[in-house]
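Overview (structure and organization)
Read off the chains here:
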Amino acid sequence: MNIQVKVNGKSYQADVEPRMLLVHFLRDVAGLTGTKIGCDTSQCGSCVVLMDGVTVKSCTCLAVHANGSSITTIEGLAQDGKLHAVQEAFWNKHGLQCGYCTAGMILTVTELLQRNPKPTAEQVRQGLKGNICRCTGYQNIVRAALAAAEALGG
Amino acid sequence: MTTRIFGSGIRRREDPRLITGKATYTDDIKLPGMVYAAILRSPHAHARIRSIDTSAAAAAPGVLAVYTGADVEGVLKPIPCAWVVPNSDVKQVAYPAIAKDVVRYVGDAVAVVVAEDRYQAEDALELISVDYEVLPAVINPEAALGPNAPQLHADAPKNQAFHWVASGGNVDDAFKSAEVVVKDTIVQQKLIPNAMEPRSAVASWLAPMGELTIWNSTQNPHIVRFITCLVTGVPEHKIRIIAPEVGGGFGSKIAVYPWEMIVAFCAMKLGLPVKWTETRTENYVATTHGRDHIERVELAATRSGKITGLRATVYAGMGAYLSTAGPGIPTILHGLMYSGPYAIPNIRADVYGVFTNSTPVEAYRGAGRPEATFLLERMIDLLAVQLNLDPVEVRRRNLIPKFDNGYDVAIGLKYDSGDYQKALDTALTHTSYNRLRQEQQQLRQHGKYMGIGVVCYCEICGLGPSQVAGAVGFGGGLWESAIVRFYATGKVNVFVGTSPHGQGEETTFAQIIADELGVPVDDVEVVHGDTDLTPMGWGTYGSRTTVVGGAAVALSARKIREKGRLLAAHLLEAAEADVEYADGKFFVRGSPDKSKTIQDIALMANVAWNMPQGMEPGLEATTFYDPPNFTFPFGTHIAVVIVDPDNGHIDLTKYVAVDDCGRQINPMVVEGQIHGGVVQGVGQALWEGAVYDQNGQLLTGSMLDYALPRAHLLPDVETLSTTTPSPHNPLGVKGIGETGTIASTPAVYNAVIDALRHLGVTGLEMPLTPEKVWRAIHQQG
Ligand code: FES
Ligand code: FES
């Protein structure tokens, strides 16, 4: 099937198998490997991207579903060489160790802060329910989210 | 100097690539012409393979080749075990890369398909038909030793992989004269490590040169190189192993697996680069597990609570084959730690390693020490109940008094330094322990069950002296290496044999160099994880990277400082004895303006236009550092839980961790290690466990079924520290990568049991699910 997807502002046109997962489209067709695959049961959130501004697990979505949409992956978050406030906060607060869950975490937090610019720690924790990190114990991810909220003026 | 770089929590230098999606993990690698392998795995825990038909798969679209056990037999040697613990009669059973006649666990490889893309490879797997004769299976390690258990290996009677005994003092006498004895059976459930990056390998074979390169999600590329050489027959100097970005390991990426050997085999056969990446569901059966003990434990004590003896018989599941370091974990890293932070005069550990029809068991964060700490801390709580003493009081009566430079425990180890009492007091003060106990009483009167768990621990890490490694049967040394290289521009590369994968040593090692040599931390780049670039090393596990690898970095820096000093003396035309170093400058004593910066020295050493007689050009130093002893970090953790009697729900409301890892290079990184470690240990206490049915099917075989810790289930961990430097380490540091996991499982467990104590509940099996807790409350209450 022929699809057209905008990823990080750039248009990609491809003929894909109907069963191709969006995450494979992003990684293998668009060559954007920043989006990770951590499971095959839609549990871990390593694959989270923004589709038309909303978080989706790109492992649980077919590439054909993304036809006509606009996707933001971790590679598209920094603008003009300047880190997004959430990226900066993850760095400052040691919100990552091995980095494997990080793309999904950062995008999840980014969207969370758009919906709720001034979350409590508890709300951040609830918002991270769908993302697994095996390294950090989540605490510094929560700190990073709160710091990012502050930096963004929430 | 203003704030010292050593000891400051600067943000990590590896992060920019990780937060922008620019890091390259193994599965991100795409080589020209690369093809994809998928492995067919046994659906049975134990079966004879009658026949395999691969013809349909071989004819499927895109398929280049299908190989079975018959194809690799004789080409790939069996996968060796590298930790053959002496005096324990270890049975090194053959571990073929692909099973040919018998499969011994769900996940054992049966065939491999290589195809042009991954979808095609996975499709073709379904076209392979295997005729199995299903055999009875055994999963429980104690049952597997029993007389009627199914036998896994002809050359391992009774499924016994080994039997190891360690003792100190006279245990039997201690029990004969004991005033009090408490007993328990402890089950250390099997755990699935779940590093977030599944395992992956890309192999490339350059036939004209006979060169094999493998990108591999591993914690120890040099060990992989060595074992790849043994298995494939490619000479070691023609093998390059690259551990690119590695997404967590926790022990599960120590083993050298059959899978990367299969991938190498395919690449060599086809002359094409081949990639294999496991799915998560595959990871659950194909990547090593942890723990899996059944322990029968007895503790002897006086009526006043002084522990006089400890003995345990441990049945440690090894899985179907011996993984790379498997046998060393329940023995050396477990039995030898039975004294913990306590003075226990008589100890015996009796450990049976047992084959079972399940995924092989390897190190999993803490590896042996969490099990030892749990055992001890559980027994001490039972003793406290028996004697009607506060659990803190029993611990206090047995802690080893403060020591700075060596303490011999009965079982033969020499601890380096410790101030256990101080860590305990710090934790008690911070939590207002006595007030907590009062609160517990009050809540109980209102039908609310609050529990407090206190754990004192001491663990062995910073592995370790090579002579000891040899004596305990580890198939290698445990020293580390570092090359520090200054360029003419004053910039520095550090090449290390350790292979960090999330622990932050690109930052902390740069801090060591900056501290020792006065260069800005941004002028230092740390290179690791590539056997062609880095000196020999033994990898990242056992909380050894900073302790042993960091020491090698520091010693190389000190060699550079000395060479720099001699060169500075020459350039300053001063006597060598008069030249001193401070803060990145060499100066003549008494006249600080007569000086050369380290950058001046780096330039001159590299151009070498004006060198002292006989001095070699270059500013570079190599150190192979073999530590004289292990390090023994310690601390006290306190957990507070509220148990809801109506539904058995456990709310972990407070967690305090006091840890002592000696001097801290980067407190932010240290804290991060503790957070992550604690949460992993909480996972074991409350949620995690590999559950098998009686046929050996893994029931918790995906992330849907295996409960991992999630953000909304956890409180913040309050971290505090005390500082007792290691006397023998050049930096005074001790390992901190595993302490959280070591302490938190018993802390949370003890807290839950404490919450139920007034109901007569004395113990439950982990994980402490609401159902188990609810049943206990309602049966006993
Ligand atoms: S990879 Fe998408 S949720 Fe795990
Ligand atoms: S940083 Fe490793 S999984 Fe989150």
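These numbers were taken from a predicted model, which means no experiment stands behind them. (Residues numbered from 1 in each chain as written. Chains lettered and ligands numbered in written order. Predicted model: local features only at pLDDT ≥ 70, side-chain atom pairs only at ≥ 80, totals over all residues. Heavy atoms only, no water.)

Quick look at the interface of chain A and chain B
Contacts between the two partners involve 49 residues from chain A, matched on the other side by 54 residues from chain B. Each partner contributes to the roughly 4,500 Å² buried at the junction of chain A and chain B, and carbon and sulfur atoms together form 52% of this total. For B:Asp123, the salt bridge goes to A:Arg19, with nearest N and O atoms at 2.7 Å. Our enumeration of links across chain A and chain B arrives at 34 residue pairs in polar contact (both at pLDDT 80 or more). No other element matches the five residues that helix α2 (residues 85–92) of chain A contributes to the side of chain A that touches chain B. (Contact = heavy atoms within 4.5 Å. Buried area = accessible area lost by both parts, 1.4 Å probe. Salt bridge = Lys/Arg side-chain N within 4 Å of Asp/Glu carboxyl O. Polar contact = N/O pair within 3.5 Å; in protein donor to acceptor, adjacent residues only side chain to side chain. Helix = DSSP H or I, 4+ residues; strand = E, 2+ residues; numbered from the N terminus.)

Brief notes about the pairing of strand β13 (residues 290–301) of chain B
All names here are of chain B. Buried residues dominate β13, accounting for 11 of its 12 residues. Across 11 bridges, strand β8 (residues 180–191) lies against β13 in antiparallel orientation. Residue pairing for β13: Val-187 is matched across the bridge by Ile-294. By the bridge criterion, nine bridges tie β13 to strand β14 (residues 307–319) in an arrangement that is antiparallel. Residue Leu-299 lies in a different strand from β14, and its bridge partner there is Leu-310. Once β13 ends, the chain turns through five residues before running back antiparallel as β14, passing Gly-305 with a positive phi of about 95 degrees. (Buried < 20%, exposed > 50% of the residue type's maximum accessible area, 1.4 Å probe, protein only. Pairing = 2+ DSSP bridges.)

Thoughts on the sheet that holds strand β6 (residues 129–134) of chain B
All names here are of chain B. Strand order in the open sheet made by the three strands is β4-β2-β6, with antiparallel pairing throughout. The open sheet terminates on both sides in strands that have one partner only, identified here as β4 (102–103) and β6. Note: strand β2 (residues 47–53) against β6, six bridges, orientation antiparallel. From the neighbouring strand, Ile-52 faces β6, where its bridge partner is Val-130.

Re the domain arrangement of chain B
Residue and element names in this part refer to chain B. On domain assignment, one finds that chain B holds domain 1 (17–135 + 196–248 + 253–286), domain 2 (368–460 + 630–778) and domain 3 (479–625). One C-alpha centre belongs to domain 1, the other to domain 2; they are set 38 Å apart. Across the contact, nine residues belong to domain 1 and 10 residues belong to domain 2. Of the roughly 650 Å² buried where domain 1 meets domain 2, counting both sides, 62% is carbon and sulfur surface. Remark: the boundary between domain 1 and domain 2 carries zero salt bridges. Looking at the side of domain 1 that touches domain 2 residue by residue, the classes come out as six nonpolar, two polar and one charged. (Domains from an automatic or database assignment. Nonpolar A, V, L, I, M, F, W, Y, C, P; charged D, E, K, R; others polar.)

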